[in-house]
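Structural description and commentary
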Amino acid sequence: MECVFDKTIPKSMSDRIIIPPKGRTFVNGFASRYSEVFPPQLEGYIDAGTFCQCVIEINETILNYWPCLFSRVLGYSCSICTLGLSFLLPLVCIRDAEEAVNYLIDDYNKKIFHKKGFEMKLVKRCSTSWLEISFLDREDNNFKAAFKNIS
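These numbers come from a predicted model, not from an experiment.

Some remarks on the nonpolar core
Formed by 31 residues in total, the largest nonpolar core has its most connected members in Phe30, Tyr34, Phe51 and Ile58. Within the residue set of this core, elements represented by two or more residues are strand 1 (16-19), helix 2 (48-65), helix 4 (88-116), strand 2 (118-125) and strand 3 (128-135). If one sorts the elements of this core by residue count, helix 4 sits on top with eight residues.

Details of the environment of Pro67
Tracing the chain through its elements places Pro67 in the loop between helix 2 and helix 3 (69-77). According to the relative accessible area criterion, Pro67 is buried, its value standing at 3%. Residues Pro67 and Ile94 lie 27 residues apart in sequence; the distance between their C-alpha atoms is 6.9 Å. For Pro67, the contacting residues outside a window of four places in its chain are Arg72, Pro90, Cys93 and Ile94.

What counts, and where the lines are drawn
Residues numbered from 1 in each chain as written. Predicted model: local features only at pLDDT ≥ 70, side-chain atom pairs only at ≥ 80, totals over all residues. Heavy atoms only, no water. Core = buried A, V, L, I, M, F, W, Y, C linked by side-chain atoms within 4.5 Å. Buried < 20%, exposed > 50% of the residue type's maximum accessible area, 1.4 Å probe, protein only. Helix = DSSP H or I, 4+ residues; strand = E, 2+ residues; numbered from the N terminus. Contact = heavy atoms within 4.5 Å.

Right, here's the structure in full:
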């Protein structure tokens with residue numbers, strides 16, 4: 001199922017860079033981790049080590065909040081007889097993880113990305129999610145030229 005939903009993830013374009021999910025995805029679309037591969041389009045604008053450290057911290061935050069195996073098994077196995085209400089058990093942990101990740105991303109935006117002219121956000125759609133780095137309104141022809149390699 002994840003393969004089908006991952007096909008709905010948009011490709012990187014001139015105004016945004018997509019960081020795809022890696023690992024499991026919960027029923028609400030929140031992924032258990034995201035790719036730590038440095039996008040070559042950001043070379044010269046964001047240090048690769050800084051970028052990778054940001055994504056590693058996001059992944060570690062998700063791991064800290066991700067539901068334990070018992071919670072997931074109980075949620076999935078009892079979903080038919082509870083008409084899906086058993087998903088609320090692991091969903092509490094997933095929502096906490098999502099909230100913590102959004103807080104961490106906001107912190108990175110304030111401290112790192114806005115200074116570089118970027119903004120990172122978590123996007124959830126069609127039972128999947130991804131990290132998106134978008135270019136803020138700033139005229140920088142060198143940056144736009146670097147993005148032409150994507151299209």
